[in-house]
Amino acid sequence: MPYIDQAFYNDVYKGAPMDAETFTILERRASDIVDMLTNYHLVGVDLLQEPQLIQTNVKKAVAAQVEYMFSEGGELSVHGGSPSSVSIGGFSYTEGTVASGQTDVRTISNMAYGYLVPTGLLYMGVRVRC
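Residue indices begin from 1 for each chain and proceed along its sequence in written order. With pLDDT at 70 or above as the cut-off, local features in this predicted model cover only qualifying residues; side-chain atom pairs require 80 or more to be listed or tallied, and sums for whole chains, interfaces and linings still use all residues. The side-chain numbers reported here are obtained from all heavy atoms of the structure, hydrogens and water having been left aside.

## Brief notes about the packing of aromatic side chains
Part 1: Side-chain rings of Phe, Tyr and Trp (the six-membered ring for Trp) are treated as a pair once their centres are within 6.5 Å; stacked means planes under 30 degrees apart, edge-to-face means over 60, and tilted covers the remaining angles. Counted under the stated rule, the structure contains 2 aromatic pairs.
Part 2: Measuring from centroid to centroid gives 5.5 Å for Tyr9 and Phe23, while their planes differ by 45°, and the two rings are tilted. Of this pair, Tyr9 sits in helix α1 (residues 6–13) while Phe23 is found in helix α2 (residues 20–37), placing the two residues 14 residues apart along the sequence.
Part 3: Residue burial is assigned from relative accessible area. The probe radius is 1.4 Å, only protein chains are included, and a residue is buried under 20% of its type maximum, exposed over 50%, and partly exposed in between. With relative accessibility at 0%, the residue Tyr9 sits in the buried group.
Part 4: Feature note: the residues Tyr9, Tyr13 and Phe23 constitute an aromatic cluster, connected by ring pairs. To qualify as a helix, a DSSP run of H or I must reach at least 4 residues; to qualify as a strand, a run of E must reach at least 2; elements of each kind are numbered from the N terminus.

Printed below as a string of structure tokens:
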């Protein structure tokens, strides 16, 4: 279930411009990522029945993730599609290495995560209803 449409992304979030097809693909992936981060707490739940803070921040989190993936090269950014090292003859180029020699591939936008923090949806403990 998509959490946002392109009108929200363009008019409310004011994200980077992109065509409708690209937005649709990235929005689906971004919604999946938000669902994973929130331990699927919102799957099957009508977002409009949630408090306003949760509605707004979930939508902004998806929009931030869409924009992040777009700025990182699109859908392949989630799968680590770019090579971190390239060599041609005597020329070598390495990108994104950290001290341990591992590549630093982030698939989740810090902004998206930040929007979800105050919602309580990142809580992975046991929920008890009395």
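## Observations concerning α1
Part 1: The set of residues buried in α1 consists of Gln6, Phe8, Tyr9 and Tyr13.
Part 2: We call two residues contacting when some pair of their heavy atoms lies within 4.5 Å. Where α1 is buried, its residues touch α2, α3 (52–71) and α5 (110–116).
Part 3: Phi turns positive one or two residues past the end of α1, at Lys14, with a value near 60°.

## Considering a nonpolar patch on the surface
Part 1: Exposure above 30% relative accessible area and no salt bridge define the residues that can form patches, which grow by joining like charges within 9 Å and nonpolar side chains of Val, Leu, Ile, Met, Phe, Trp and Tyr within 5 Å. Shrake-Rupley sampling with a 1.4 Å probe provides the accessible areas, and residues are treated as covered by the protein chains on show and by no other component. Salt bridge criterion: a side-chain nitrogen from Lys or Arg within 4 Å of a carboxyl oxygen from Asp or Glu. A cluster of nonpolar side chains, contributed by Met36, Tyr40 and Val43, occupies part of the molecular surface with about 310 Å² of accessible area.
Part 2: Turning to its location among the elements, Val43 is positioned in the loop between α2 and α3.

## A look at the side chain of Gln6
Part 1: Considering the arrangement of structural elements, one finds Gln6 in helix α1.
Part 2: Polar contacts, as counted here, are pairs of nitrogen or oxygen atoms within 3.5 Å of one another; within protein the pair requires one atom able to donate a hydrogen and one able to accept it, and residues that are adjacent in sequence qualify only if both atoms are side-chain atoms. Here Met18 takes part through its backbone oxygen, which lies 3.0 Å from a polar atom of the side chain of Gln6.
Part 3: Among residues more than four places away in sequence, those in contact with Gln6 are Met18, Asp19, Ala20 and Phe23.

## Topic: the packing of α2 against α3
Part 1: Helix axes are fitted to C-alpha atoms over the stretch in contact, other axes to C-alpha atoms as well, and angles between N-to-C directions run from 0 to 180 degrees. Running from N to C, α2 and α3 point in directions that differ by 120°, and their axes come no closer than 8 Å. Put simply, α2 runs oblique to α3. Both α2 and α3 take part in a crossing whose hand is right-handed. Packed against α2, whose contacting residues are Thr22, Phe23, Leu26, Glu27, Arg29, Ala30, Ser31, Ile33 and Val34, the element α3 presents Val58, Ala61, Val62, Gln65, Val66, Met69 and Phe70 at the interface.
Part 2: Following the grouping adopted for this structure description, the nonpolar residues are Ala, Val, Leu, Ile, Met, Phe, Trp, Tyr, Cys and Pro, the charged ones are Asp, Glu, Lys and Arg, and the polar ones are all others, Gly among them. In terms of residue class, the contact of α2 with α3 is made up of 11 nonpolar, 3 polar and 2 charged. For classification purposes, angles smaller than 35 degrees are called roughly parallel, those larger than 145 roughly antiparallel, those between 65 and 115 roughly perpendicular, and all remaining angles oblique. Two helices crossing with the near one rotated counterclockwise from the far one by less than a right angle form a left-handed crossing, whereas a clockwise rotation gives a right-handed crossing.

## Looking at the environment of Ile25
Part 1: With respect to the helices and strands, the residue Ile25 is situated in helix α2.
Part 2: Remark: the alpha-carbon pair of Ile25 and Gly74, spanning 49 residues in sequence, is separated by 8.9 Å.

## Observations regarding α2
Part 1: Here the expected span of a helix is defined as 1.5 Å times the quantity of residues minus one. The first and last C-alpha atoms of α2 sit 25 Å apart over 18 residues, in line with the 26 Å expected at 1.5 Å per residue.
Part 2: Turning to α2, its buried residues number three or more, namely Phe23, Leu26, Glu27, Ala30, Ser31, Ile33, Val34, Asp35 and Leu37.
Part 3: If you check the start of α2, you find a side-chain oxygen 3.1 Å away from the backbone N of Glu21, and it comes from Asp19.
Part 4: Following α2 by one or two positions, Asn39 adopts a phi angle in the positive range, close to 55°.

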